[in-house]
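Overview (structure and organization)
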Amino acid sequence: MALRDIGLKQEYRSDRDDIVHGFFVRCLASSVSYDRSIEHASVKSLTTLALSSTHAGMRLRIVSGNRFRASDIATLTRLFSEKGDARGGAGIREGKLAAMREMIREGRLQIKVAIPSSEDIVGAFTERIGIFTDEAGDIVAFTGTSNRTFDAQNLDFESIDVFTSWEDASRVDTKVRDFGKLWANETRYLSVFDFARAESENLLKYSSSWAVSLE
């Protein structure tokens, strides 16, 4: 099914919608690529995305803030290293990590880290943009809260605003351009690094409490 055949709404909100199955799962199943900027990335969410991607050549590009759980940093570092296999990493079963490892080796899963680089920005990177693209080139972009939407235990109240290339091309173009500049490290006030470089240069912040998803 193509993205324009899903029958998407302009807004999804927890009091009236199933955001997981009504939006994310359906869009992901119809897409060949997914770009996402998010405040916190976790191994749990990355493996969920890898396993939920039904298209054989699915490509994921993730830009995250620099706060990670210590166990997630260890697992991601091994996965992105040439020799690491991350077996048993972060308590995730090897079968789930295998899908993620394969995507990394094939260059279909890439992670970058965004860090504020100006005195005008005193906090962390918290931007949340998502962009789905299907085989026909149609695009669905969204903004808004979306922390743990693939988590069955998620009780967050959240909402997202949705824009499509066939009904709101200018807004979609803006989101695609913003993410492209972010990915290319051309965004004012931010410095963006490949995950491996950010880890090797000790730019990541460790925490035992971050457990936020990417969906």
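Below is a summary of the structure that appears in this document. (Residues numbered from 1 in each chain as written. Predicted model: local features only at pLDDT ≥ 70, side-chain atom pairs only at ≥ 80, totals over all residues. Heavy atoms only, no water.)

1. Digging into the packing of aromatic side chains
- Taken as a whole and judged by the stated rule, the model has ten aromatic pairs.
- Where Phe23 meets Phe142, the ring centres are 5.4 Å apart and the plane angle is 85 degrees; that geometry is what we call edge-to-face. Placement of the pair is Phe23 in helix α1 (residues 19–29) and Phe142 in strand β7 (residues 139–144), with a sequence separation of 119 residues.
- Taken together, Tyr12, Phe23, Phe24, Tyr34, Phe132 and Phe142 form an aromatic cluster joined through their ring pairs.
- Across from the ring centre of Tyr12, 5.6 Å away, lies the NZ or CZ of Lys9, which sits over that ring.
- When the ring centre of Trp183 is taken as reference, the NZ or CZ atom of Arg61 above it lies at 5.1 Å. (Phe/Tyr/Trp six-rings, centres within 6.5 Å; stacked < 30°, edge-to-face > 60°. Helix = DSSP H or I, 4+ residues; strand = E, 2+ residues; numbered from the N terminus. Lys NZ or Arg CZ within 6 Å of the ring centre and 35° of its normal.)

2. Observations concerning the sheet that holds strand β3 (residues 59–64)
- Spatial strand order, β1-β8-β7-β6-β2-β3-β5-β9: eight strands in an open sheet with mixed pairing. At either end of the open sheet lies a strand with only one pairing partner, and these are β1 (11–13) and β9 (190–194). Across the sheet, the mean angle from the axis of one strand to that of its neighbour is 15 degrees, orientation sign disregarded.
- Where strand β6 (residues 129–133) lies against β7, five bridges are found, and the strand directions are antiparallel. Across the sheet, residue Gly130 finds its bridge partner in β7, namely Phe142. (Pairing = 2+ DSSP bridges. Axes fitted to C-alpha atoms, helices over the stretch in contact; angles between N-to-C directions.)

3. Quick look at the packing of helix α2 (residues 43–52) against helix α4 (residues 94–105)
- Running from N to C, α2 and α4 point in directions that differ by 80 degrees, and their axes come no closer than 8 Å. By the criterion of interaxial angle, the relationship of α2 to α4 is roughly perpendicular. Together, Val43, Leu46, Thr47, Ala50 and Leu51 of α2 and Lys96, Leu97, Ala99, Met100 and Met103 of α4 make up the contact between the two elements.
- The class makeup of the residues in the contact of α2 with α4 is eight nonpolar, one polar and one charged. (Parallel < 35°, antiparallel > 145°, perpendicular 65-115°, else oblique. Contact = heavy atoms within 4.5 Å. Nonpolar A, V, L, I, M, F, W, Y, C, P; charged D, E, K, R; others polar.)

4. Let's talk about the pairing of β3
- Direction of pairing for strand β2 (residues 33–38) relative to β3: parallel, over a ladder of six bridges. The partner of Tyr34 across the bridge, within β3, is Leu60.
- The sheet contact formed by β3 and strand β5 (residues 109–116) spans five bridges and is parallel. Note that in β5 the partner of Arg61 across the bridge is Gln110.

5. Observations concerning unusual backbone geometry
- One non-glycine residue, Asn185, adopts positive backbone phi at about 60 degrees.
- Along the chain, Asn185 turns up in the loop between α5 (169–183) and β9.
- Classification of Asn185 by relative accessible area gives partly exposed; the value is 39%. (Buried < 20%, exposed > 50% of the residue type's maximum accessible area, 1.4 Å probe, protein only.)

6. Re the environment of Lys181
- If you trace the backbone, Lys181 turns up in helix α5.
- Look at Lys181 and you get partly exposed, because its relative accessible area is 39%.
- Once you skip the residues sitting within four places of it in the chain, Lys181 turns out to touch Glu186 and Thr187.

7. A few points about the nonpolar core
- Formed by 40 residues in total, the largest nonpolar core has its most connected members in Phe23, Tyr34, Leu76, Leu109 and Phe132.
- Residues contacting Phe132, with those up to four places away along its chain left out, are Leu3, Phe23, Phe24, Cys27, Leu28, Ser31, Ser33, Tyr34, Asp138, Ile139, Val140 and Phe142.
- Ranked by size, the runner-up nonpolar core spans 14 residues in total, among them Ala114, Leu182, Trp183 and Leu190. (Core = buried A, V, L, I, M, F, W, Y, C linked by side-chain atoms within 4.5 Å.)

8. A few points about the side chain of Asp17
- Counting through the fold element by element, Asp17 comes out in the loop between β1 and α1.
- Judged by its relative accessible area of 16%, Asp17 is buried.
- For Asp17, the contacting residues outside a window of four places in its chain are Lys9, Glu11 and Tyr12.

9. Let's talk about the pairing of β2
- Burial analysis of β2 places six of its six residues in the buried class, the great majority of the element.
- Neither face of β2 is exposed, since Ser33, Asp35 and Ser37 on one face and Tyr34, Arg36 and Ile38 on the opposite face are all buried.
- In terms of handedness, the path from β2 via α2 over to β3 forms a crossover that is right-handed.
- Here five bridges tie β2 to β6, and the two strands are oriented antiparallel to one another. Looking across to β6, one finds that Tyr34 is bridged to Phe132. (Right-handed = clockwise from strand over helix to strand, strands pointing away.)

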